[in-house]
Each structure stands twice: as structure tokens, then as C-alpha cells.
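Chains, contacts and geometry: an overview
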Amino acid sequence: MIPFALYVGIFVGSYLIVNKLIRRAARTDFTALKTVTFGDESAVISDRTASIISVATLFLLWGMFTGSVLVPPFLHAPGPYIGDGQFTYVVEGPDGQRDEATVFWRVQDPEGETEKLTVDPGDGPARNDALMIRAYRSAQLSWDKNDEFKRKDGARLVEIAGQPVAYDPATRDEADSAAKPVIEVDHATVTLSDKGALIVTPYTGLQMEPIWLPPPEDVVKRLVDIASEGFRGATLWEHLGLSLMRVVVGFFFGSLIGIPLGYAMGLSNWFRGWFDPIVEFMRPVPPLALIPLVIIWAGIGELGKIILLFLAALWIMAIAARSGVSGVRISKVHAAYSLGASKGQIMRYVIVPNSLPEIFTGARVAMGVCWGTVVAAELVAAEKGAGMMIMVASKFQNTDIVMMGIIMIGVIGFGIDILMRWAERWLVPWKGKG
């Protein structure tokens, strides 16, 4: 919740600063003074300043909550406690005699060597203990291991850090018993296990452990290593290139069949009646649900993956083309007929140009679905590919490789979308202009 609240705060603050100060001073034309933009697609464009701030904010939050060296230390979120601590406990023996002992604990720095902690056990029946704890972890201590008072003989804890302890696992009623105590000590909490051992949990702070989320510099280092040395017998570019090739081939054949099918459904009642149940039935079925069936039909080789991507694109492109044809204004068709146009000319000069915006929108969606599907397909069975790289890395908890793969997939997907936007602006310049 804290990163989310910071993100919202930065968004609101940036919006107010840019729009109230910079934008107000920069307004020089009447387009910037528009207050109603509904239906006017040309009036709403991506704000480059907002995009830059958005990306910078994400990387800033990533660095803040991973302790990155790329972020100034004063911006770091509180990290795990590293250092020493201690607390006392009081033990009552079987004969009612009580004695106090001290637990000294030390949290080990996960990135460096930590000197082992040694303490004087003392002379009483309850002996002092030393406990080494790894950062982000907790540790369990059998407090009677070196004591003269033993739990098996009836000894029990009566106080921890000066607070009475009513919880006794040896005599508690499973249905109605006092809850385990959670006692706050300096930089840690102490509670009891089901067997009555002490569990010491140092404060973990707000930073993510590297195994869950590595800092950006670790991901960049891993990217450089894999780009130069490769991963499991193939270079990084071979993995990404093979995934991209699968997507392009599957999308091409899906569009090759889907667009004519959509045109037929939009122009013919018979075609629409025949294929509409099939298309509408398959449209909500996730492509990933088809993986087992495709493996049975075509195996785990390249053909199976191409078929899966073909099916992922087919229904989207068919619906986009059908929607584009159905959305052509009938007044334009009547105007063309009144000027003596034939059916072929109506198709070439009216139907196709006016349906292209919808087709390009569907193509962008289909490419995104295909790109996500190929990664998932490679998670199941592949020798090369971005998904295979992520799957293998996850088995060995190489989170930096997983993050690198996710970022590369996102960058390539974003690049594909930018290229398709550019192609749309070049090939369909009349989009949004009536």
C-alpha cells in the first residue's frame, strides 16, 4: 500500500505542477484552451512530459524499495535491521525457583561477512544464549538447551522482556487457550512456537528482499552478462528473436484468414449466420486454455506454437474486420452508388478504407495477445525463447533473470505497438477525421 500511495501522490503532484505552472505559461494557441474533447480524437494526445515522469517514477519506486545504489540513500525506504539486540526472559523451575537469562542476537548482513556472536553463559540455572539471524528471516531458540531448567522436567517461561507470559504449550487447551504472546523488544518481536521455543523476528523494514525483487542495477548486470555470454546454449537475441518470429508468423496467418472472414461476415447474412456462432464461441476462450489440445494435436514443436498463435489472432482479426465493415456509414455507400460506382468500386473505395481503422485497432490487440501467448506457450515447452528463459530462471530462483525477461518482453511489446501506431498513421491518415 505504501508504494501505491507514493505513486498516487507523485502522479497528483506532477499533474498539478505541470498543468498549473508550466502548461499555463506555455499556452499559445486555441487548441490548448479546449475544454470539451468528447468525440474529438485529435484533441487528446499522449503528454510526453507525463510519460517521462511516469517511467521515472516507476524506476524511482523500484530503487527506493530495493535499496538501489542508483537512488540517493536519503530516498531509500527503511531497510531490514542489521546489528545486535538483546532481551531477557525469566524461567520457573519445577520447584518454583526462578532465574533470569539474556538472549543476545545478531542480524547478519545478507551481502557481507558477519562476525559470529559469542556470549558468556553465566552461572545461574538459566543460561544466556546467542542467536544468529539472517536479514529478512526469523530464528528459533530452544531456551532450555543449555539451561539446568528443562521443559521436559516441567520448567516454563514466565516472563519475556519484563512482560508476563501466560501461554504454556504443555498445558494449554486446544479449544480455549490464551493466544501466543507477541512481545515487542528493541528492533524485533518475540513469540513462542507450538513447542514453547522462542521465535525472534527482527524488523524487516519496507525494502524488498533481493530474492523477491532485485534492485535495477542487478537486473542490468544480468542483462549485460546474458547478452555477452548467452543463456542455456543460445544468445539473448536468439531467445527474443525466436519468440518474435513465432508471433509474426502466427499473427500473419491469423490475419490472412481472419480479415477476409470478418469482411464476409460483415457483408453477407449467410456468412454471418454460419460463422457467427463459431467466432463468438471461440472469442472468450483464452488461448492458454488451448495449449493442452494443441500439444495433443501438433506436439510441442514449432508447429504447435504457430497454431496456437494463429488461433489467438484469428478470432480477434475476424471480429475487428466485421466491426469495421458494419461501422461504415450507409450514407457514404449511397453517395457512391448515386455517382455510378459498381460493387467492386464500393468495396475498394468505401468499405475497405472505412474499415481499416477498426482492423488496425484489432491488429494491435491481436499482436499484444499473441506476444503474451507465445511467452506462456514457451513456459510449457520450448528449448529457446523468452518464456523458456523466465521459466528456467524461476526454478533456480534467479529473480534478476526473471525481471530482465519481463522487462525485455514489455519493451518489445511496447515497440511492436509503437510500430503499429506509426503504420496506422501512415496507412490510415483519415482515422478520426469523419
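Our structure's up above, just so we're on the same page.
Residues numbered from 1 in each chain as written. Predicted model: local features only at pLDDT ≥ 70, side-chain atom pairs only at ≥ 80, totals over all residues. Heavy atoms only, no water.

Describing the pattern of salt bridges
Where charged atoms of side chains with opposite charge meet at close range, the side chains can pair. One pass over the structure, following the stated rule, counts 16 salt bridges. Here Asp 400 ties to Arg 222 by a salt bridge, and the two come within 3.1 Å at their closest N and O atoms. In this pair, Asp 400 sits in helix 11 (residues 399–427) while Arg 222 sits in helix 3 (residues 216–229), placing the two residues 178 residues apart along the sequence. Classification of Asp 400 as buried rests on a relative accessible area of 15%. A relative accessible area of 26% places Arg 222 in the partly exposed class. Two residues, Arg 421 and Asp 417, come together in a salt bridge whose shortest N-O distance is 2.8 Å. Placement of the pair is Arg 421 and Asp 417 together in helix 11, with a separation of four residues, close to one helical turn. In this structure Arg 421 comes out as partly exposed when scored by relative accessible area, which is 34%. (Salt bridge = Lys/Arg side-chain N within 4 Å of Asp/Glu carboxyl O. Helix = DSSP H or I, 4+ residues; strand = E, 2+ residues; numbered from the N terminus. Buried < 20%, exposed > 50% of the residue type's maximum accessible area, 1.4 Å probe, protein only.)

Describing the sheet that holds strand 8 (residues 188–192)
Strand pairing in a sheet relies on backbone hydrogen bonds. The paired strands run either parallel or antiparallel. Across the sheet, four strands lie side by side as 4-9-8-7; this open sheet has antiparallel pairing. Two strands bound the open sheet, and with one partner strand each, they are strand 4 (139–141) and strand 7 (183–185). The sheet shows a mean angle of 30° between the axes of neighbouring strands, taken without regard to direction. Summarising the sheet, strand 8 and strand 9 (residues 198–202) pair through five bridges and their orientation is antiparallel. (Pairing = 2+ DSSP bridges. Axes fitted to C-alpha atoms, helices over the stretch in contact; angles between N-to-C directions.)

Considerations on helix 7 (residues 302–326)
Taking 1.5 Å per residue as the helical rise, helix 7 with its 25 residues ought to reach 36 Å, and the 36 Å between its terminal C-alpha atoms agrees with that figure. Here helix 7 lies mainly inside the structure; 18 of its 25 residues are buried. (Expected span 1.5 Å × (residues − 1).)

Considering the pairing of strand 2 (residues 98–108)
Bridging between strand 1 (residues 84–92) and strand 2 involves nine bridges; their strand directions are antiparallel. Across the sheet, residue Asp 84 finds its bridge partner in strand 2, namely Arg 106. Where strand 1 folds back onto strand 2 in an antiparallel hairpin, the turn is made up of five residues, including Gly 96, whose phi is positive at roughly 90°. With six bridges joining them, strand 2 and strand 3 (residues 129–134) adopt parallel strand pairing. For Trp 105, the partnering residue across the bridge sits in strand 3 and is Leu 131.

A few points about helix 3
With 14 residues, helix 3 ought to run about 20 Å at 1.5 Å a step, and its terminal C-alpha atoms sit 20 Å apart, in line with that. Burial in helix 3 covers these residues: Pro 216, Val 219 and Ile 226. Along helix 3, the residues classed as buried sweep out an arc of 95° about the axis, all on the same side. Facing away from the buried surface of helix 3 by more than 90 degrees, the exposed residues are Lys 221, Val 224, Ser 228 and Glu 229. Among the structural elements, helix 2 (48–64), helix 4 (236–267) and helix 11 are those in contact with the buried residues of helix 3. One or two positions beyond helix 3, positive phi appears at Gly 230, with a value near 85°. (Arc of directions from axis to C-beta. Contact = heavy atoms within 4.5 Å.)

Comments concerning the packing of helix 4 against helix 11
Where helix 4 contacts helix 11, the two axes come as close as 12 Å, and the packing angle between them is 40°. Comparing the axis directions of helix 4 and helix 11 gives the class oblique. Helix 4 and helix 11 meet at a crossing whose hand is right-handed. For the pair helix 4 and helix 11, contact is made by Leu 236, Trp 237, Leu 240, Leu 244 and Phe 251 and by Met 404, Met 408, Ile 412, Ile 416 and Met 420, respectively. For the contact of helix 4 with helix 11, a count of residues per class yields ten nonpolar, no polar and no charged. (Parallel < 35°, antiparallel > 145°, perpendicular 65-115°, else oblique. Left-handed = near helix turned anticlockwise from the far one by under 90°. Nonpolar A, V, L, I, M, F, W, Y, C, P; charged D, E, K, R; others polar.)

Notes on the pairing of strand 1
Remark: a regular strand shows side chains that alternate across the two faces of the sheet. In terms of strand pairing, strand 1 meets strand 5 (residues 156–160) through four bridges, oriented antiparallel. Across the sheet, the residue bridging to Val 91 is Leu 157, located in strand 5.

Some remarks on the packing of aromatic side chains
Inspection of every chain in the model, using the stated rule, returns seven aromatic pairs. Pairing Phe 252 with Phe 253 gives two aromatic rings, centres 5.2 Å apart and planes at 75°, and the pair type is edge-to-face. Residue classification places Phe 252 among the partly exposed residues on the basis of a relative accessible area of 48%. Overall, Phe 253 belongs to the partly exposed group, its relative accessible area being 40%. Measuring from ring centre to ring centre gives 5.8 Å for Trp 422 and Trp 426, while their planes differ by 15°; the resulting arrangement is stacked. Of the two residues, Trp 422 and Trp 426 both sit in helix 11, four residues apart, roughly one turn of that helix. Of the two residues examined, Trp 422 and Trp 426, each falls in the exposed class. (Phe/Tyr/Trp six-rings, centres within 6.5 Å; stacked < 30°, edge-to-face > 60°.)

What about the packing of helix 4 against helix 10 (residues 386–395)?
Helix 10 packs onto helix 4 with a crossing angle of 125° between their chain directions and a minimal axis gap of 7 Å. Relative to helix 10, the element helix 4 is oriented oblique. Along the contact surface, helix 4 presents Leu 236, His 239, Leu 240 and Ser 243, while helix 10 presents Ala 386, Met 388 and Met 389. Class assignment for the residues of the contact of helix 4 with helix 10 results in five nonpolar, two polar and no charged.

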